[in-house]
Amino acid sequence: MDRIFIGDAINKVGEVVLLKGWVHARRNLGKMVFFDLRDRTGLMQVVVPPKADEAALQAAKEIRPEFVVAVTGKVQARKPGSENDKLASGKVEVLAESLEIINSAKTPPFEIDNEERQANEELRLKYRYLDLRHERMTRNIKLRSDVIRYVMDYLTDRDFTYIQTPMLSKSTPEGARDYLVPSRVHRGKFFALPQSPQQYKQLLMVAGFERYFQIAPCFRDEDARADRSPGEFYQIDIEMSFVEQADILDLTETMFSSMVKKLFPKKRLTFEPWPRLKHADVMQQYGTDKPDLRKDKNNANELAFAWVTDFPLFTEQTKEDFFHGSGKSKWAPSHHMFTRPKEEDLPLLDSDPGKVRSYQHDLVLNGLEVGGGSLRIHNTAVQEKVWNLIGFSTEQKQQFAHLIEAFTYGVPPHGGIAPGLDRLVSILCGEKNIREVIAFPLTGDVRDPLMGAPAEVSAEQLEELGIKISDKSE
Ligand code: ASP
């Protein structure tokens, strides 16, 4: 007999089925053993009656939570009064004819079936494969997959090409600290993991793809923040050619609005269309560039999306901006250095750079920034001016020579956006902590307690790379 899922067995009253999965919870009621069987589609109550075969009775005695079992039995309606409205399968149960233990299981370090788990995060991450068995976690990860699928379908249906860009790239002073990967073949040289595919997606516009997207992993060696997972995160990375800013906003807005309606039908959009606000106005009215525009902040199902545009091109440079530029200059890009200044403000680049506004757009949801993007500079002289203003040295400019060279071969006007997948999904799933929607996140202090990463490597590996660790205590 072929194994079927619990979700399908619900509709097979009167039929004998084969189910496989994990023992979720077990109860003895007199001579009968009851347990809930769990597979990826849900829970099913299984009854092992005294008349089941000998092996089944023996197995029923032995099973404990998280044992992996196979059950053959007839699907039957539960007795009136014993139905469970909380379960999709609450009106039926399986009367076991045979029960086989496929694998036993140790007692998990925390309860899987307890919604109010008190387990601390270290333990949950160390045993993430058990933590992910929890219904809420399984649901989050599946919703994340649904969001990715929706975006993939939506954009491919609209002529976007999915293009994977390299993970092993070059360290450029782009805004954050890079993760470096030593090269064995080219001793003493390093790859950098991409902070975002920014340069590649612009190069793809030069290449003529016109509409690119990717679910892009991004790596930034920054300290963790409440709403940012340290190490790596994912962006829905989009770039388009021959577009105005409004085209990028329209596309993103219709994609996410329709996605929310399809995948999160309980959620309500506060605004349709989403408000498009100017940076100066939001700052004046709300004192923040990420205003929470929900009408009822206690309503978990309210989604207040908004756009903020017309940002100043520059902010004052701080110590954290060291990687942007010289660290000594007055200005840092408020988005990134490829963001195009507004046409009418171009003369201010020379006279009053602090007043220049840009074609940056931020996507705000319930008071959090869930994405940003811009129209890009496609004029070499303007790029040069921006670099000078952020204090780039000739060497630093030289690190982007490939992009400037590419622009000399016919660059279309282009722009894009990169909504943060993790943050967006966490808000849609009603999770405060972004790690609740990532299968294997790092801890706040940048470790993976499950794999034990980061870890030391052997002396031979270091030798091969020509690397000496000078002081481990640093
Ligand atoms: N690459 C940018 C970022 O990571 C997004 C964009 O400008 O499209 O913020």
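Because the structure is a prediction, the values reported are computed rather than measured. (Residues numbered from 1 in each chain as written. Predicted model: local features only at pLDDT ≥ 70, side-chain atom pairs only at ≥ 80, totals over all residues.)

Some details on the overall build of the chain
Part 1: Regarding its fold elements, the chain presents 14 helices and 19 strands.
Part 2: If one aligns the C-alpha atoms of the chain with their principal axes, the spans along those axes are about 90 × 60 × 40 Å.
Part 3: Out of the 474 residues in the chain, the part that is buried amounts to 33%.
Part 4: Long-range pairs, those at least 24 residues apart, make up 65% of the contacts in the chain between residues at least 6 apart in sequence. (Helix = DSSP H or I, 4+ residues; strand = E, 2+ residues; numbered from the N terminus. Buried ≥ 20, exposed ≤ 12 C-beta atoms within 10 Å, placed from the backbone. Contact = placed C-beta atoms within 7 Å.)

Here we look at the nonpolar core
Part 1: Ranked by internal contacts, the top residues of the largest apolar core, which has 45 residues, are Phe305, Ala306 and Leu365.
Part 2: With near-sequence residues (within four places) excluded, Leu365 lies in contact with Leu303, Ala304, Phe305, Val370 and Ile427.
Part 3: Core analysis: the second largest hydrophobic core is formed by 24 residues, Leu19, Leu43, Val48 and Val69 among them. (Core = buried A, V, L, I, M, F, W, Y, C linked by C-beta atoms within 7 Å.)

Considerations on the sheet that holds strand S6 (residues 161–162)
Part 1: Pairing within the open sheet is mixed, and its 8 strands lie in the order S6-S9-S10-S19-S18-S17-S14-S12. Looking at strand neighbours, the two that pair on one side only are S6 and strand S12 (276–278), the edges of this open sheet.
Part 2: Bridge count between S12 and strand S14 (residues 305–309): 3 bridges; the pairing is parallel. Across the sheet, the residue bridging to Arg276 is Trp307, located in S14.
Part 3: Each of S12 and S14 is contacted by helix H8 (residues 279–286), which is oriented at about 80° to S12, the strand it contacts most.
Part 4: Here helix H13 (residues 421–428) sits on the sheet and contacts strand S9 (211–220), strand S10 (231–241), strand S17 (360–365), strand S18 (368–375) and strand S19 (414–419); the angle it forms with S10, its principal contact strand, is near 105°. (Pairing = 2+ DSSP bridges. Axes fitted to C-alpha atoms, helices over the stretch in contact; angles between N-to-C directions.)

Quick word on the site of the ligand
Part 1: Residues in contact with the ligand, as listed here, are Ser196, Gln198, His336, Gly372, Gly373, Ser374, Gly416, Ile417 and Ala418.
Part 2: Secondary-structure elements contributing two or more residues to the shell around the ligand are S18 and S19.
Part 3: Residue composition of the shell around the ligand, by class: 2 nonpolar, 7 polar and no charged. (Near = placed C-beta within 6 Å. Nonpolar A, V, L, I, M, F, W, Y, C, P; charged D, E, K, R; others polar.)

Brief notes about the environment of Glu302
Part 1: On the secondary structure map, Glu302 appears in strand S13 (residues 302–303).
Part 2: For the pair Glu302 and Leu368, spaced 66 residues apart in sequence, the C-alpha to C-alpha distance is 14 Å.
Part 3: Residues in contact with Glu302, not counting those within four places in the same chain, are Arg268, Thr270, Arg294, Lys295 and Asp296.

A short note on the pairing of S9
Part 1: Among the 10 residues of S9, 8 are classified as buried, and the element is accordingly described as predominantly covered.
Part 2: Across 2 bridges, the pairing between S6 and S9 is parallel. Its bridge partner lying in S9, Thr161 is registered against Tyr212.

With respect to the domain arrangement of the chain
Part 1: Per the domain assignment, the segments of the chain are domain 1 (6–103) and domain 2 (130–437).
Part 2: Between the C-alpha centres of domain 1 and domain 2 the distance comes to 49 Å. (Domains from an automatic or database assignment.)

So, the sheet that holds strand S2 (residues 32–39)
Part 1: Overall, mixed pairing links the 5 strands, which are arranged S1-S2-S3-S5-S4 in a closed barrel. The sheet shows a mean angle of 55° between the axes of neighbouring strands, taken without regard to direction.
Part 2: Two strands pair when backbone bridges link them, and strand S4 (residues 68–77) and strand S5 (residues 92–103) are joined in this way by 10 bridges, in the antiparallel orientation. Each bridged residue has a counterpart across the sheet, and for Ala77 the counterpart in S5 is Val92.
Part 3: Strand contacts of helix H2 (residues 54–62): S2, strand S3 (42–48) and S5, with the helix running at about 80° to S5, the strand carrying the most contacts.

What to know about the packing of helix H5 (residues 135–157) against helix H7 (residues 245–263)
Part 1: Packing of H5 against H7 brings their axes to within 11 Å, and their N-to-C directions diverge by 135°. Accordingly, the angle class assigned to the pair H5 and H7 is oblique. Considering only the axes of H5 and H7, their crossing is right-handed. Of the residues in H7, those touching H5 at Leu143, Asp146, Val147, Tyr150, Val151 and Tyr154 are Met255, Met259, Lys262 and Leu263.
Part 2: In terms of residue class, the contact of H5 with H7 is built from 8 nonpolar, no polar and 2 charged. (Parallel < 35°, antiparallel > 145°, perpendicular 65-115°, else oblique. Left-handed = near helix turned anticlockwise from the far one by under 90°.)

Some remarks on H2
Part 1: Of all the positions in H2, only Ala56, Ala59 and Ala60 are classed as buried. All buried residues of H2 project into a common sector of 105° when viewed along the axis, lining one side. For H2, the exposed residues lying more than 90 degrees away from the buried face are Glu54, Ala55, Gln58, Lys61 and Glu62.
Part 2: Where the residues of H2 are buried, they touch S2, S3 and S5. (Arc of directions from axis to C-beta.)

What about the pairing of S4?
Part 1: Relative to S4, strand S1 (residues 16–29) is paired through 7 bridges, and the arrangement is antiparallel. Within the sheet, the bridge partner assigned to Val17 lies in S4 and is Gly73.

Looking at unusual backbone geometry
Working note: non-glycine residues mostly have negative phi, and peptide bonds are mostly trans.
Part 1: Cis peptide bonds are those with omega within 30 degrees of zero, and the linkage from Glu272 to Pro273 qualifies with 0°.
Part 2: As for its placement among the helices and strands, Pro273 is situated in the loop between strand S11 (268–269) and S12.
Part 3: With an omega of -5°, the peptide bond between Ala453 and Pro454 qualifies as cis.
Part 4: Tracing the chain through its elements places Pro454 in the loop between H13 and helix H14 (459–465).
Part 5: Despite not being glycine, Asp310 has its phi angle at roughly 60°, a positive value.

Focus: H13
Side chains of residues three or four places apart in an α-helix project in the same direction, reflecting 3.6 residues per turn.
Part 1: Counting buried positions along H13 yields 8 of 8 residues, so the element is predominantly enclosed.
Part 2: Along H13, the residues classified as buried are Leu421, Asp422, Arg423, Leu424, Val425, Ser426, Ile427 and Leu428.
Part 3: Considering only its buried residues, H13 is in contact with H5, S9, S10, S17, S18 and S19.

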